[in-house]
Amino acid sequence: MTPTSSPATHSPDPAPLRRRSTGALIVGAAAPVLLLAALAQGCAWVAGGGVKSEAAFREHLRLTQEAGEGAVRRLGMDPASLVDRQEMANASCKDDLGRDSEGVTRDQPTVTWAPDLASRAAYEAAVDALREEWSAQGLTVEDVPAPGRGKPGAGLPGVRARNDHGIELSLRPDWYSGKPALVADGGCVRHRGYLVGWE
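Throughout, residues of each chain are indexed from 1 in the direction in which the sequence is written. Only residues with pLDDT of at least 70 are given local features in this predicted model, and only at 80 or more are side-chain atom pairs given and counted; all residues enter the totals for whole chains, interfaces and linings. Side-chain metrics rest on all non-hydrogen atoms present in the structure, leaving aside hydrogens and water.

1. Digging into the state of the cysteines
So, point 1. In what follows, a disulfide is any cysteine sulfur pair within 2.5 Å. For the structure on display, the rule yields one disulfide.
So, point 2. Disulfide partner of Cys-93: Cys-188, at an S-S distance of 2.1 Å. Its torsion about the S-S bond being 75°, the disulfide of Cys-93 and Cys-188 is classed as right-handed. Here Cys-93, found in helix H3 (residues 91-95), pairs with Cys-188, found in the loop between strand E8 (180-185) and strand E9 (189-192); they are 95 residues apart in sequence, far enough to count as distant. Here the two residues Cys-93 and Cys-188 agree in accessibility, since each one is buried. Here a helix means four or more residues in a row that DSSP labels H or I, a strand means two or more in a row labelled E, and each is numbered from the N terminus. Accessible area is worked out with a 1.4 Å probe on protein chains only. A residue is then buried under 20% of its type maximum, exposed over 50%, and partly exposed in between.

Rendered as structure tokens:
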């Protein structure tokens, strides 16, 4: 009786395996590079987004001022007589995420008004009026929690909204004095040039 030989077992063609391994190595090596690129782009946007021209940044200053003035007028007050301060710089905007290229500056334009709201009832009515106005404009309105006991403005909740230009408007107690503060915050913006003031 002739012994029958079992069919030869063939090892799989190594070429597809090599191709798969090479592909996995390329994808594995590219992933950290793509992640770093995405992170760098994300940091640029967190730190003020794309770089505006000086003219576009001046326009952003105007829009920030006007947005706040509109909110003050909604309370039946004259914004020109209630401006508390205008600020351009913000430490976190300037310093948190490294340096910009030559000729590029980061600024966070903010205007604060001090509305004359002598009583808690007047303050709460102003908060309600702005909440209603901003909701009617289609803005997403958020409540600002009241500062805790022992802090300036304790017990006075606020309200805030962000408009279509990325400007945050809020009425809340001032961080330091606890008095009502209506704030238009233009956000951290990267721009050409170096402006030291609003004019």
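2. Some points on the sheet that holds E8
So, point 1. Should DSSP find at least two bridges between two strands, the strands are regarded as paired. The antiparallel open sheet is built from six strands, whose spatial order is E2-E4-E8-E7-E6-E5. Strand pairing shows two members of the sheet lacking a second neighbour, strand E2 (83-87) and strand E5 (141-144), which therefore form its edges. The sheet shows a mean angle of 20° between the axes of neighbouring strands, taken without regard to direction.
So, point 2. Sheet analysis places E2 next to strand E4 (residues 110-113), joined by four bridges and oriented antiparallel. Paired with Val-83 across the bridge in E4 is Trp-113.
So, point 3. Contact criterion: two residues are considered in contact whenever any of their non-hydrogen atoms come within 4.5 Å of each other. Here, axes are lines fitted to C-alpha atoms. For helices the fit covers the stretch in contact, and angles between N-to-C directions go from 0 to 180 degrees. Lying over the sheet, helix H2 (residues 54-74) contacts E2, E4, strand E7 (168-173) and E8, oriented at roughly 150° with respect to E8.

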